[in-house]
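Close look at the chain arrangement
Each chain, written out:
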Amino acid sequence: MASTATALPPMAPSADQDVPLWRLYLLRATYLLLIVGLGTTIVPQLFDHDPTARGVIPGVLSGLWLLAFLGLRYPLQMLPLLLFELPWKRVWTLKYGLPQYFAGTLPPTWAEDFPAIVAGVILMPIVIPWGYAWNRFIKMPPDSVVDGASRIRLRVMRTVYVLLFIAGTFIIGRLFWNHMPMERGVFASMLIALFILNPLTIRNPLKMLPMLLLEFVWKLVWLAAFGLPQLISGSGSARLGEDIYMVGLGPVFFGLLIPWGYVWRHYVKQPGDRWR
């Protein structure tokens, strides 16, 4: 008899049938756009950057770039990545980009950031299948043991997300209200977006697992490309000590939290969404 602990959710094989084929291709085109765009503009920064660069922004975007490859195979399961792209870019546009433009206090990176970020603000609402997202993340029952993870694992994941949400209320408030007029604001906007999505991750820690994978991957990338080289050379950014603690320990923490058996079954072994 097959073990119920390793069985896939009953609806998983046919979940993509709820979404038109053209929509799946539109999602794949969006992931491909991320792969090409970030691959040509952000990934090179991992290998060619100022030795004292902080590197958190290229770290996050490079993690997004890596996970976008999974989006080509599983465009619906990786949908949380696009749900993350939309709020952080909207936050940046409304809190940083437009106010800086009208005030005439533009940071040096504004001309580069504005068109790329505003394009995402326009594109993501068109690309995201909102009916499917509503059914999957809100209307369907919260994740439970029948979705493929143990009760203890789900409790631990939810507890961690609740603690992160509580901590985030203090951190995000400081980021949102206290910032320099010419602050770039990209990383702060990403943190605010993670905070906004946190209630969904508490309710659906498995369906929102790509966000946990993003946390693990980007921090691992940052540690390899920025953190460890700066620590070894002794010439790091002004916030290296803080970042080593807050970011550098992330791969260990999130690596223990992620249900890797579930990842293997659902993001590697499970057949991808249909192509025809």
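All figures in this text were calculated on a predicted structure; none of them were measured in a lab.

Our next topic: the overall build of the protein. Per the secondary structure count, the protein includes 11 helices and 0 strands. Listed by position from the N terminus, the elements making up the protein come as α-α-α-α-α-α-α-α-α-α-α. Taking 19 Å as the expected radius of gyration for a compact globule of 276 residues, we find that the protein reaches 19 Å, a close match to that expectation. Dimensions of the protein, computed from C-alpha atoms along their principal axes, come out at roughly 60 × 40 × 35 Å. Residues counted as buried form 48% of the 276 residues belonging to the protein. Expressed as a percentage of contacts within the protein between residues at least 6 apart in sequence, the contacts between residues at least 24 apart total 84%. Looking at the protein as shown, the accessible area adds up to about 13,900 Å², and 72% of this sits on carbon and sulfur atoms.

On to the pattern of salt bridges, then. A complete count under the given rule lists 6 salt bridges for this structure. Ionic pairing is found between Glu85 and Lys89, a salt bridge with its closest N-O pair at 2.8 Å. Here the residue Glu85 and the residue Lys89 both occupy positions in helix H3 (residues 79–103), the gap between them amounting to 4 residues, near one helical turn. Across this residue pair, the class does not change: Glu85 and Lys89 are buried.

Applying the stated criterion to the full structure yields 11 aromatic pairs. Aromatic pair Trp65 and Phe69: ring centres 5.2 Å apart, planes at 85°, arrangement edge-to-face. With a gap of 4 residues between them, Trp65 and Phe69 both fall in helix H2 (residues 56–73), about one helical turn apart. For Phe69, a relative accessible area of 40% puts it in the partly exposed group. With 4.6 Å between their ring centres and 20° between their planes, Trp110 and Phe114 make a pair best called stacked. Taken as a pair, Trp110 and Phe114 lie in helix H4 (residues 110–127) at a separation of 4 residues, close to a single helical turn. A relative accessible area of 12% means that Trp110 is categorised as buried. Accessibility expressed as a relative area gives 21% for Phe114, which makes it partly exposed. Put simply, the rings of Trp92, Tyr101, Phe102, Trp110 and Phe114 pair up and form one aromatic cluster. Here the basic side chain of Arg28 rests over the ring of Tyr25, its NZ or CZ set 5.9 Å away from the ring centre. Note that Arg28 overlies the ring of Trp275, its terminal NZ or CZ placed 3.7 Å from the centroid.

Moving on: the environment of Gln45. Tracing the sequence through the fold places Gln45 in the loop between helix H1 (21–41) and H2. With a relative accessible area of 29%, Gln45 lands in the partly exposed category. The spatial distance from the C-alpha of Gln45 to the C-alpha of Pro58 is 6.8 Å, given a sequence separation of 13 residues. Aside from chain neighbours lying at most four places away, what touches Gln45 is Pro58 and Phe226.

Where H2 meets helix H8 (residues 209–233), the closest approach of the two axes is 8 Å, and the angle between their N-to-C directions is 125°. As far as their axial angle goes, H8 and H2 are oblique. Considering the relative orientation of H2 and H8, their crossing is right-handed. Together, Val56, Pro58, Gly59, Val60, Ser62, Gly63, Leu64, Leu66 and Leu67 of H2 and Pro210, Leu213, Leu214, Val217, Trp218, Val221, Trp222 and Phe226 of H8 make up the contact between the two elements. Tallied by class, the residues present in the contact of H2 with H8 amount to 14 nonpolar, 3 polar and no charged.

The biggest cluster of nonpolar side chains holds 75 residues, and the ones touching the most others in it are Leu82 and Trp88. Among the elements that make up this core, the one with the highest residue count is H8 (13 residues). In contact with Trp88, not counting residues within four places along its chain, are Leu61, Ile117, Val186, Ser189, Met190 and Ala193.

Here is what the cut-offs are and how they apply
Residues numbered from 1 in each chain as written. Predicted model: local features only at pLDDT ≥ 70, side-chain atom pairs only at ≥ 80, totals over all residues. Heavy atoms only, no water. Helix = DSSP H or I, 4+ residues; strand = E, 2+ residues; numbered from the N terminus. Rg over C-alpha atoms; globule rule 2.2 N^0.38 Å. Buried < 20%, exposed > 50% of the residue type's maximum accessible area, 1.4 Å probe, protein only. Contact = heavy atoms within 4.5 Å. Areas by Shrake-Rupley, 256 points an atom, 1.4 Å probe, with all protein chains shown as cover. Salt bridge = Lys/Arg side-chain N within 4 Å of Asp/Glu carboxyl O. Phe/Tyr/Trp six-rings, centres within 6.5 Å; stacked < 30°, edge-to-face > 60°. Lys NZ or Arg CZ within 6 Å of the ring centre and 35° of its normal. Axes fitted to C-alpha atoms, helices over the stretch in contact; angles between N-to-C directions. Parallel < 35°, antiparallel > 145°, perpendicular 65-115°, else oblique. Left-handed = near helix turned anticlockwise from the far one by under 90°. Nonpolar A, V, L, I, M, F, W, Y, C, P; charged D, E, K, R; others polar. Core = buried A, V, L, I, M, F, W, Y, C linked by side-chain atoms within 4.5 Å.

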